[in-house]
Amino acid sequence: MALKSTIFKADLQIADMDRQYYGTHALTIARHPSETDERMMVRILAYALHADESLAFGKGLSADDEPDLWQKDLTGAIERWIEVGQPDERRILKACGRAAHVIVYSYSGTSSIWWSQIAARLRRAKNLSVLHLAPADSQALARLAQRNMQLQCTIQDAQIWMNSGGETLALHLTAVKEPG
């Protein structure tokens with residue numbers, strides 16, 4: 001018998017002063033049985049950083065042809081394809097061919113090894129951004145995970161703060177590859 005996904009609910013309030021985006025989102029997140037709290041919370045962070053009415057969670061780990069998050073325009077064209085973790089270069093190149101902009105959020109302590117192995121082959125991907133979240137930050141995010149969460153994310157001058165239950169985390173992203 002296959003294990004079922006665990007459902008998490010998050011009320012996410014976003015104040016993104018860099019993009020002038022302010023909104024509240026009631027998220028329902030299906031956490032795959034093999035997914036960790038850390039990875040799930042990085043998905044939520046990615047959602048907060050790119051929040052938009054047309055941004056949606058994909059099937060994630062249970063589907064090879066969908067990203068963790070994506071944003072489509074009204075015609076169905078993929079504007080933004082967002083991956084979390086360390087996808088292989090074939091998956092990234094396929095995404096770059098399908099979407100206007102591809103963003104990968106890595107968060108593992110082995111991310112630098114992963115990137116050094118595939119960086120040369122991804123140099124030609126002009127619409128790819130790779131950002132790294134420090135492992136200490138992703139582990140701190142994981143500690144905020146609960147089945148029902150109240151989260152506040154504030155973004156100002158490229159600084160990110162995530163708050164839940166009175167605990168505030170300052171998160172740091174490092175650009176590994178910029179588009180172009």
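Use the structure listed above.
Summary of the structure given here. For clarity, every value in this text was computed on a predicted model and none was experimentally measured.

What counts and how
Residues numbered from 1 in each chain as written. Predicted model: local features only at pLDDT ≥ 70, side-chain atom pairs only at ≥ 80, totals over all residues. Heavy atoms only, no water. Pairing = 2+ DSSP bridges. Helix = DSSP H or I, 4+ residues; strand = E, 2+ residues; numbered from the N terminus. Axes fitted to C-alpha atoms, helices over the stretch in contact; angles between N-to-C directions. Phe/Tyr/Trp six-rings, centres within 6.5 Å; stacked < 30°, edge-to-face > 60°. Buried < 20%, exposed > 50% of the residue type's maximum accessible area, 1.4 Å probe, protein only. Lys NZ or Arg CZ within 6 Å of the ring centre and 35° of its normal.

## Quick look at the sheet that holds strand β8 (residues 148–156)
Pairing within the open sheet is mixed, and its 5 strands lie in the order β2-β1-β8-β9-β10. In this open sheet, the two edge strands, each paired with only one partner strand, are β2 (21–31) and β10 (167–171). On average, each strand axis in the sheet is tilted by 20° relative to the strand beside it, whichever way the strands run. With 5 bridges connecting them, β8 and strand β9 (residues 159–164) associate as antiparallel partners.

## Re the packing of aromatic side chains
Centre-to-centre distance and the angle between the planes together describe a pair of aromatic rings. For the structure shown, the criterion picks out 3 aromatic pairs. Arranged with centres 6.0 Å apart and planes meeting at 85°, the rings of W70 and W81 form a pair that is edge-to-face. Placement of the pair is W70 in strand β4 (residues 69–72) and W81 in strand β5 (residues 78–84), with a sequence separation of 11 residues. As far as burial versus exposure is concerned, W70 and W81 are alike and both buried. Aromatic pair W114 and W115: ring centres 5.8 Å apart, planes at 50°, arrangement tilted. A residue is classified by how much of its surface remains accessible, and W114, at 9% relative accessible area, is buried. In this structure, K72 is placed above the aromatic ring of W70, and the distance from its NZ or CZ to the ring centre is 4.1 Å. The ring centre of F8 lies 5.8 Å from the NZ or CZ of R147, which sits over that ring.

Worth remembering: the numbers are spatial, not functional.
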